[in-house]
Amino acid sequence: MSFDLADYARQAAPVPYEDLDYDAFGPDPLSEGALRCIRYMCDVETHTICYLRDLLVTPSHQDPEVTTFLTIWAYEEYWHGEALARVLDAHGIPTGNTHIQTLRQGLGFRDKLAPINQSIVANVLGEDFVAVHMTWGAINEWSTHAGYARLIEREQHPVLTELLTRIMRQETRHVAFYATQARQRLDRSRKARWLTRSALRAFWAPVGSGVMPSSETDYVLRFLLGGESGQQVVHRIDEKIHRLPGLDGMNLVSKAAREVGVPGALAA
């Protein structure tokens, strides 16, 4: 399996969203639960540039393929945030620079220490840290893609479906890069497999954890992953993780769902 980075770079563009009929949300608004999830997703997508800040002080910045991808990834994620903000605006939910600044300032001192801590740990670990980064990215992109699909399934709103389908097409390319890199790096290094498994077991949490309030993360998980359909999503993501070299049997997403009381969550 390979990823054509040059082709990806040539095709990079903002997700198209201005042509959609947002007035359709007037007589047919999204549910309160869906809007709460979209607010969460919008804030997380907008925070991508801050994740990039932390990654560029690690050994990942030395790999030109990784930095090329990350440049485009951050660009496309920015526009995902803008597109989701347009849905929120149509429902009278405020977005924009003031909201983003308040969110970032609310992270406090730990946010200022994040790049320092990550730089020290990652550079001590060396090149094998990149396998951790790529695997973490793959899991988060699988989760994000699945989250959008579940919103489409739950809301059945034509405008939201079209927008999220467009976003998911770009997220599919993000998944492909991260997963390809993770598989290759884990496959060739026993140390990378051990480091990645240890880091995931100790520190992995659902997308947005540490940025968004835990109450919001828990709500989004319960809204999207509850019931039979949600549990199928949980196990599909876990199965993808288990197929990566050295990561069998981790059940990361199942455990996260169970810990927040997702209805129907099964024991790992």
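Anything mentioned here points back to the structure above.
Because the structure is a prediction, the values reported are computed rather than measured.

(A) Quick look at the overall build of the protein chain. The helix and strand inventory of the protein chain stands at 12 helices and 0 strands. Mapped in sequence order, the helices and strands of the protein chain form the string α-α-α-α-α-α-α-α-α-α-α-α. Residues classed as buried in the protein chain amount to 49% of the 268 residues present. Residue pairs in contact within the protein chain that sit at least 24 positions apart in sequence constitute 83% of those at least 6 positions apart. In the form shown here, the protein chain has an accessible surface area of approximately 12700 Å², with 54% of it arising from carbon and sulfur atoms.

(B) Layout of the packing of helix α11 (residues 227-242) against helix α12 (residues 252-259). Remark: α11 packs on α12, axes separated minimally by 7 Å, with the N-to-C direction vectors making an angle of 145 degrees. Across the interface between the two elements, V234, H235, I237, D238 and I241 from α11 touch L252, V253, S254 and A257 from α12. Its residues placed into classes, the contact of α11 with α12 shows 6 nonpolar, 2 polar and 1 charged.

(C) Local environment of the pattern of salt bridges. Applying the stated rule across the entire model yields 8 salt bridges. In this structure, R173 and E76 form a salt bridge, with 3.3 Å as the shortest nitrogen-oxygen distance. With R173 in helix α8 (residues 158-188) and E76 in helix α4 (residues 64-90), this residue pair connects regions lying 97 residues apart in the sequence. Under the relative-accessibility criterion, E76 is labelled buried at 0%.

(D) The environment of I38, seen in detail. Inspection of the secondary structure assignment puts I38 in helix α2 (residues 32-46). Classification of I38 by relative accessible area gives buried; the value is 0%. The sequence separation of I38 and A85 amounts to 47 residues, and the corresponding C-alpha distance is 8.3 Å. Dropping the residues within four chain positions of it, I38 is found in contact with L30, L84, V87, L88, L151 and L160.

(E) Here's a closer look at the environment of T144. With respect to the secondary-structure elements, T144 resides in helix α7 (residues 129-155). Expressed as a C-alpha distance, the spacing of T144 and P206, which sit 62 residues apart in the sequence, is 9.6 Å. Residues in contact with T144, not counting those within four places in the same chain, are E45, E171 and V207.

(F) Looking closely at the nonpolar core. Of all hydrophobic cores here, the largest spans 74 residues; its most connected members are W142 and L151. Top contributing element to this core by residue count: α8, with 12 residues. Sequence-distant contacts of W142, that is, excluding residues within four places in its chain, are made with V175, A179, I237, K240, I241 and L244.

(G) Spotlight on a positive patch on the surface. Taken together, the side chains of R183, R236, K240 and R243 define a basic patch exposed on the protein surface. Topologically, R243 is positioned in the loop between α11 and α12.

(H) Local environment of helix α9 (residues 190-203). Here α9 contains 14 residues, and its C-alpha end-to-end distance of 20 Å stays within 8% of the 20 Å for a straight helix at 1.5 Å per residue. Those residues of α9 that sit buried are A192, L195, T196, A199 and L200. Seen along its axis, α9 keeps its buried residues to an arc of 125 degrees; they face one direction. α9 presents R190, W194, R201 and A202 as exposed residues on the side facing more than 90 degrees away from its buried surface.

Calculation notes
Residues numbered from 1 in each chain as written. Predicted model: local features only at pLDDT ≥ 70, side-chain atom pairs only at ≥ 80, totals over all residues. Heavy atoms only, no water. Helix = DSSP H or I, 4+ residues; strand = E, 2+ residues; numbered from the N terminus. Buried < 20%, exposed > 50% of the residue type's maximum accessible area, 1.4 Å probe, protein only. Contact = heavy atoms within 4.5 Å. Areas by Shrake-Rupley, 256 points an atom, 1.4 Å probe, with all protein chains shown as cover. Axes fitted to C-alpha atoms, helices over the stretch in contact; angles between N-to-C directions. Nonpolar A, V, L, I, M, F, W, Y, C, P; charged D, E, K, R; others polar. Salt bridge = Lys/Arg side-chain N within 4 Å of Asp/Glu carboxyl O. Core = buried A, V, L, I, M, F, W, Y, C linked by side-chain atoms within 4.5 Å. Patch = residues over 30% accessible without salt bridge, like charges linked within 9 Å, V, L, I, M, F, W, Y side chains within 5 Å. Lys, Arg positive; Asp, Glu negative; His and termini not counted. Charge placed at Lys NZ, Arg CZ, Asp CG, Glu CD. Expected span 1.5 Å × (residues − 1). Arc of directions from axis to C-beta.

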